[in-house]
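Summary of the model geometry
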Amino acid sequence: MRPESHPGVRPRGDGAPRRRTYSEDVFGRLRAWRQRHQRLLDVLTLAPLALLSLATADRLTPWPAAIVLTAAMFLPLLWRRSHPREVFAIIALACFVQWLAGVMAFPGNFAILIALYSVAAQCAGLWSVAAWLICEFGLVLAIYSARPSPWSAFITSSVFVSSIWLAGLYANTRRRYVESLVERAERAERERDQQARIAAAAERARIARELHDVVAHNVSVMIVQADGAAYAIDTDPEQARLAMQAVARTGRQALAEMRRLVGVLRQDAGNPAEEYAPQPGIDQLTDLIKQVNDSGLPVEFTVNGTPQDLPEGKQLAIYRIIQEALTNTLKHGGPGARATVEVTYGADEIVLRITDDGRGAAAPQAEGGHGLIGMRERAAMYGGTVTAGPRPGGGFQVVARFPVGGQE
């Protein structure tokens, strides 16, 4: 479950919330305020330069021309972030008109440099190069009109203009780089959420198989015990009482396991530290065989070779495959059926062989069953295989093979 968004909380890479620091919170608020009042900040930033231009009107430029040029150069700058090319064109045209009118350069001409920076910082390379060339051409015109022409100042002015242009290019590159990082982070977050949903779906499918195994096995045992109690209730009441006790015991065990598995699906679990019963493994096979024997299906259990230390997941797969095979024998083997379970630990593989002498292929096949499919899926998770089918001469056999040292 993704953490809820909160102004003071940011998600970590592992999905857990991380408390923002004080400096991050302050700078975040400042950035948000700046975005809301961008126009006001532009006015406060440009106002000193505009006032300086008007203050020098008496000495450098006629007062009416200074007012018109100042307005023509500084007012468009308020839209330089949304329309950088258009703003640069208007200011460049105003500067060209100024040159045609023979008005001397004054501090207001720095507006063309601000517009140049905006074009370089926000537009593609060709537009920024064109704006830079226009500014360089303006320098040539300004120096040409001066008397005498101070061509020695051209290099210094050109370096200054080029520095502003390069600063805009750097800001453009950095902005694109940051946008790519943000896009990658958002894509990574989406992929992480997608993987989490896929993992959750896979976990739910696994739990569904667990529920199938638990319910099918325990209900099969309860049915067999209940049938036995029904037959013996008149002739052997004590045996019927024991059978009904076994039904109750099996039902409680099934209910406990179902609560444990369904509890995993609950997203609003009250106590995450609640302890659940461990998953069954190799050591619980003896209890499983005893439970099946008590249900009326005689089972012979043998182990060949030296038992190995297996991971819990592989032990659970082995346990569930044997449990499912014996459950199928209980359901389809018929009266008087017997079963054998053989676990062989070899050098290269572990072999499970579950056989019975019941009705085998003659048993009716239940539609929509998932027992054999679940066994094959469990074995495939660890690189194993499962083969199942009727035995020659009667009965049914399930053989599962797990490679030693395979996929864990």
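It should be emphasised that the depicted structure is a prediction, and the values quoted were computed from it without experimental measurement.

Describing the packing of helix α6 (residues 111-122) against helix α7 (residues 125-145)
At their nearest, the axes of α6 and α7 sit 8 Å apart, and the two run at 160° to each other. If you check the angle between α6 and α7, you find them roughly antiparallel. Like other packed secondary-structure pairs, α6 and α7 cross with a definite hand, here left-handed. Here α6 contributes Ile112, Leu116, Val119 and Ala120 to the contact with α7, which in turn contributes Trp127, Ser128, Ala131, Trp132 and Cys135. When grouped by side-chain class, the residues that make up the contact of α6 with α7 number 8 nonpolar, 1 polar and no charged.

Examining empty space enclosed by the protein
Overall, the coordinates contain 1 cavity of 30 Å³ or more when judged by the stated rule. Approximately 40 Å³ is the volume found for the largest cavity. Around the largest cavity sit Ala325, Asn328, Thr329, Ile354, Asp356, Phe396 and Val398, which together line it. Those elements that provide at least two residues to the lining of the largest cavity are α11 (312-332), β5 (349-356) and β7 (396-403). In terms of residue count, α11 provides more of the lining of the largest cavity than any other element does, 3 residues in total. Tallied by class, residues from the lining of the largest cavity come to 4 nonpolar, 2 polar and 1 charged.

Some words on the pattern of salt bridges
Inspection of every chain in the model, using the stated rule, returns 5 salt bridges. A salt bridge links Asp294 to Lys290, with the shortest nitrogen-to-oxygen separation between them at 3.2 Å. Here the residue Asp294 and the residue Lys290 both occupy positions in helix α10 (residues 285-294), the gap between them amounting to 4 residues, near one helical turn. Assessed through its relative accessible area of 41%, Asp294 is described here as partly exposed. When its relative accessible area of 52% is taken as the criterion, Lys290 is described as exposed. Between Glu349 and Arg401 there is a salt bridge whose closest N-O contact spans 2.9 Å. On the criterion of sequence distance, the pair formed by Glu349 in strand β5 and Arg401 in strand β7 is long-range, its members being 52 residues apart. Look at Glu349 and you get partly exposed, because its relative accessible area is 30%.

Observations regarding the pairing of strand β4 (residues 339-345)
Burial of β4 is one-sided: the residues Ala339, Val341, Val343 and Tyr345 facing one way are buried, the residues Thr340, Glu342 and Thr344 facing the other way are not. Two strands pair when backbone bridges link them, and strand β3 (residues 299-304) and β4 are joined in this way by 6 bridges, in the parallel orientation. Note on β4: the bridge partner recorded for Val299 is Ala339. Regarding topology, α11 serves as the crossover connection from β3 to the parallel β4, and that connection is left-handed. Two elements, β4 and β5, share 7 bridges in a ladder whose sense is antiparallel. For Tyr345, the partnering residue across the bridge sits in β5 and is Ile350. In sequence, β4 turns back onto β5 through a hairpin of 3 residues.

Some words on the nonpolar core
Counting 32 residues, the largest nonpolar core has Ile322, Leu326, Leu352 and Phe402 as its most contacted members. Those elements giving two or more residues to this core turn out to be α10, α11, β4, β5, α12 (371-380) and β7. The dominant element in this core, judged by the number of residues it contributes, is α11, at 8 residues. Within the second largest apolar cluster, 30 residues are counted, among which are Met73, Leu77, Ile91 and Cys135.

Cut-off values and rules
Residues numbered from 1 in each chain as written. Predicted model: local features only at pLDDT ≥ 70, side-chain atom pairs only at ≥ 80, totals over all residues. Heavy atoms only, no water. Axes fitted to C-alpha atoms, helices over the stretch in contact; angles between N-to-C directions. Helix = DSSP H or I, 4+ residues; strand = E, 2+ residues; numbered from the N terminus. Parallel < 35°, antiparallel > 145°, perpendicular 65-115°, else oblique. Left-handed = near helix turned anticlockwise from the far one by under 90°. Contact = heavy atoms within 4.5 Å. Nonpolar A, V, L, I, M, F, W, Y, C, P; charged D, E, K, R; others polar. 1 Å grid on protein atoms, 1.4 Å probe; cavity = no way out; pocket = protein on both sides within 12 Å on 5 of 7 lines; lining within 4 Å. Points joined across faces, edges and corners; volume = space filled by probe spheres on them. Salt bridge = Lys/Arg side-chain N within 4 Å of Asp/Glu carboxyl O. Buried < 20%, exposed > 50% of the residue type's maximum accessible area, 1.4 Å probe, protein only. Pairing = 2+ DSSP bridges. Right-handed = clockwise from strand over helix to strand, strands pointing away. Core = buried A, V, L, I, M, F, W, Y, C linked by side-chain atoms within 4.5 Å.

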